[in-house]
Amino acid sequence: MTQLPYAIDAETPLNPAELEVLRMQYEKEGDMVGVQTKFNYAWGLVKSNTRTDQHLGVMLLSEIFRTSPERRRECLYYLALGNYKLGNYAQARKYNDLLVDMEPSNLQASNLRTLIDDKVAKEGLMGVAIVSGVAVAAGVIGGILLRNLGRKR
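Computed from a predicted structure; not experimentally measured.

When you go through the protein chain residue by residue, the secondary structure sums to six helices and zero strands. Reading the protein chain from its N end, one meets helices and strands in the order α-α-α-α-α-α. For the protein chain, with 153 residues in total, the buried portion stands at 33%. Restricting to contacts in the protein chain with at least 6 residues of sequence separation, those with at least 24 account for 54%. On the protein chain, roughly 9,400 Å² of surface is accessible, and the fraction owed to carbon and sulfur atoms is 60%.

On to helix H3 (residues 51-67), then. Its 17 residues give H3 an end-to-end C-alpha distance of 24 Å, which sits within 8% of 24 Å, the value for a rise of 1.5 Å per residue. If you check which residues of H3 are buried, you get Gln54, Gly57, Val58, Leu60, Leu61, Ser62, Ile64 and Phe65. In this structure, the buried residues of H3 make contact with helix H1 (16-29), helix H2 (35-47), helix H4 (72-86) and helix H5 (89-102).

Counted according to the given criterion, the structure contains five aromatic pairs. Judged by centre distance (5.8 Å) and plane angle (80°), the rings of Phe65 and Tyr95 are edge-to-face. In this pair, Phe65 is assigned in helix H3 and Tyr95 in helix H5, connecting sequence segments 30 residues apart. With respect to class, Phe65 is no different from Tyr95; both count as buried. Taking 5.0 Å as the distance between ring centres and 85° as the angle between the ring planes, the aromatic pair formed by Tyr77 and Tyr78 counts as edge-to-face. Look at Tyr77 and you get buried, because its relative accessible area is 4%.

Turning next to the confidence of the model for the protein chain. On average, residues of the protein chain carry a pLDDT of 84, and 74% of them reach 70 or more. Within the protein chain, H3 carries the highest mean pLDDT (97), whereas helix H6 (residues 107-152) carries the lowest (70). Counting interchain partners and residues more than four positions distant, the pLDDT-below-50 stretch residues 125-129 has zero contacts.

Thresholds, definitions, all that
- Residues numbered from 1 in each chain as written.
- Predicted model: local features only at pLDDT ≥ 70, side-chain atom pairs only at ≥ 80, totals over all residues.
- Heavy atoms only, no water.
- Helix = DSSP H or I, 4+ residues; strand = E, 2+ residues; numbered from the N terminus.
- Buried < 20%, exposed > 50% of the residue type's maximum accessible area, 1.4 Å probe, protein only.
- Contact = heavy atoms within 4.5 Å.
- Areas by Shrake-Rupley, 256 points an atom, 1.4 Å probe, with all protein chains shown as cover.
- Expected span 1.5 Å × (residues − 1).
- Phe/Tyr/Trp six-rings, centres within 6.5 Å; stacked < 30°, edge-to-face > 60°.
- pLDDT = per-residue confidence, 0-100.

Okay, structure coming up:
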């Protein structure tokens, strides 16, 4: 995926047993779940390669971000990472930029910004190629139709 040393969280999920330990602790605490337990579980979910896990992780981190102002800074990177992995690049960039504003020398955030920018550029080029392909196809079809109309006259 990438050679950026500080973006390793984007590529390394927990093993299933580790994630299960976090899930069990989260469920054990039930309605009285602590912020740290919720954060730990969300962290593990975001690191997962499974979209449903990543989505749940982002939801849990968003709850912490909204309800625990003192924990916002530590949520920012994983909110950015989770949104990046889900393909929500605008959201990923928003959270990552907030973290970079707070900590300009944060290497993880700097590396994640590079990953986000590279992915947006790559998908932007793919979008241009798709639109160009559609335009060429439309031109070819239009030309064939015009040629056939000319023959009928």
